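Examining the three-dimensional arrangement
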Amino acid sequence: MTEKKPFYITTPIYYPSAKLHIGHAYCTTLADTIARYKRLTGHDVFFLTGSDEHGQKIQQKAEEAGVTPQAYVDKIVAGFQNLWDRLGISNDDFIRTTEKRHEKVVQEIFRRIYAKGDIYKGEYKGLYCTPCESYWTEHQLDEHGCCPDCGRPVQEVTEEAYFFKMSNYADRILAHIENNPDFLQPESRRNEMINFIKQGLEDLCISRTSFDWGIPVPMDDGDKKHVIYVWFDALTNYLTPIGFLDNEEMFKKYWPADLHLVGKEIVRFHTIIWPCILMALDLPLPKKVYGHGWLIVDGDKMSKSKGNVVDPIALIDEFGADTIRYFLLREINLGQDGNFSRDALIERINSDLANDLGNLLHRTLSMAKKFQGGVLSAPVGESEIDKSLKADAAETVKVYRENMDKMELSAALKKAWAFVSRSNKYIDETAPWALAKDETKKQELANVLYNLAESLRFIAVLISPYMPATSPKIWQQLNLEG
Ligand code: MSP
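1. Overview of the site of the ligand
- Around the ligand sit 24 residues in total, of which I13, D52, G263, E265 and L295 are the nearest.
- Contact between the ligand and I13: a nitrogen atom at 2.8 Å from a main-chain N or O atom of the residue.
- E265 places a side-chain nitrogen or oxygen 2.8 Å from an oxygen atom of the ligand.
- Burial of the ligand by the protein chains amounts to 93% of its free accessible area of 660 Å².
- Cavity membership is defined here by more than half of the atoms lying within 2 Å of grid points; on that basis the ligand lies in the second largest pocket.
- Counting only elements with at least two residues in the shell around the ligand, the list comes to strand 1 (5-14), helix 1 (22-40), helix 7 (230-235) and strand 11 (259-263).

This is how it looks when you write it as structure tokens:
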């Protein structure tokens, strides 16, 4: 047996500063569908998601709630895991940055880069609002040059900090992005990043002393007051579960990652900071970072203050997970922003799911039962209509695979649905109810019913990455094995 090709795919790890909304569910559903498609096409997939649990914001939220940061994140992260479970997410691991296995990796990476001379101690200069305990840059201040949060004056302060010499890697990362069009997709984001790097890369401040909810800087000189900057900590999550420190064979198999799927606003971290860290570690860079668009709600960005945050659990309770998955994957083109609206969701349920797929399944099963007692037999001979149906099935699979391989998930699903409609049309063209009335057309009828079941078998496979609960139900109703 030939060995399966490994495929390592990740989502961002989410902040447990609040419950996840439908936009987060969109990102994870995309990754899950790709992971399932890769498994279906014979890959040895490792699919990672998780939670990004450190930082000042989490510490503040925990204080406001009157609990420890750990207790605070534990509760919210349990909610994430429940959501992924309900949504049918097939991740192979869930990494929490508060886990010991991760702390070990982050500290080791810090040590290695420090030993290499690419981390140094320096001074962080910034504008500080003491009441708010927040640093600001000049252009973030309000129109009076004061704290944008509380309006009080800010002070210029300096804080001792560790810096990562990103400047050492600016030329290499620029050349990498320019010379490897596949590395950063879609194209538009590539241009943004190239322009960003060309403006000059400054060294990155990677430690903080103003709060302590983070992984301690592992310095032997007792310099324990620093915690590692949350993005430096978070990005390295991608190395932790695949054996970076403890399983060389596994690490060799899955690294470099095949795909980091991320939202557009965090492309910069994944295509500049992360590659610089990897270069400093002499590790190969991920093969692809894809920056997807945002899900907006009725034309507006979701936010608590606007009160338009859509809770995915409530939607799953109301409509079912596969329906939500279908909608997100069908309605939105991966690279662009897409709109969520309840009306559009209901419209899709009625037309695509109930009318197209539901009808095809229902009509096929009920005719098979009524006309042949539910027993199908292999066809003998074929009509022109049969031939054209088979040719369409083959073409559907071909285009579907081409779309999927280009990460055009919506186009692939559209293609599968065109075949659903095609199969419904086949019923109208062949009119099995008329064949059933004619004794001389028994074989023709048997052929038609078999071909319909075969179409549904194709459809069940094509939709399995998208609708992992529905697909096996169709499979079982067709009485197929496996
Ligand atoms: N913790 C960081 C990621 C660290 S990865 C090493 C983070 N977390 S987040 O919870 O704020 O966002 C996680 C992902 O959710 C991001 O990719 C972000 O783009 C995505 N989304 C958040 N809101 C979204 C929408 N409304 N629509 C689509 N994706 C959205 O950033």
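Having seen it, we continue.
2. Let's talk about empty space enclosed by the protein
- Evaluated as defined, the whole model comprises one cavity of 30 Å³ or more.
- Forming the walls of the largest cavity are L30, L328, L329, I332, L334, L409 and S410.
- Counting residues per element, the ones that place at least two in the lining of the largest cavity are helix 11 (321-331) and helix 14 (409-430).
- Classifying every residue of the lining of the largest cavity gives six nonpolar, one polar and no charged.

3. A closer look at the packing of helix 13 (residues 384-405) against helix 16 (residues 442-463)
- Between helix 13 and helix 16, whose axes approach to 11 Å, the crossing angle comes to 5°. In terms of orientation, helix 13 lies roughly parallel with respect to helix 16. Contacts between helix 13 and helix 16 pair D386, L389, K390, A393, T396, V397 and Y400 from the former with N447, N451, S455, F458 and L462 from the latter.

Cut-offs applied
Residues numbered from 1 in each chain as written. Predicted model: local features only at pLDDT ≥ 70, side-chain atom pairs only at ≥ 80, totals over all residues. Heavy atoms only, no water. Near = heavy atom within 4 Å. Polar contact = N/O pair within 3.5 Å; in protein donor to acceptor, adjacent residues only side chain to side chain. Areas by Shrake-Rupley, 256 points an atom, 1.4 Å probe, with all protein chains shown as cover. 1 Å grid on protein atoms, 1.4 Å probe; cavity = no way out; pocket = protein on both sides within 12 Å on 5 of 7 lines; lining within 4 Å. Sits in = over half its atoms within 2 Å of the grid points. Helix = DSSP H or I, 4+ residues; strand = E, 2+ residues; numbered from the N terminus. Points joined across faces, edges and corners; volume = space filled by probe spheres on them. Nonpolar A, V, L, I, M, F, W, Y, C, P; charged D, E, K, R; others polar. Axes fitted to C-alpha atoms, helices over the stretch in contact; angles between N-to-C directions. Parallel < 35°, antiparallel > 145°, perpendicular 65-115°, else oblique. Contact = heavy atoms within 4.5 Å.

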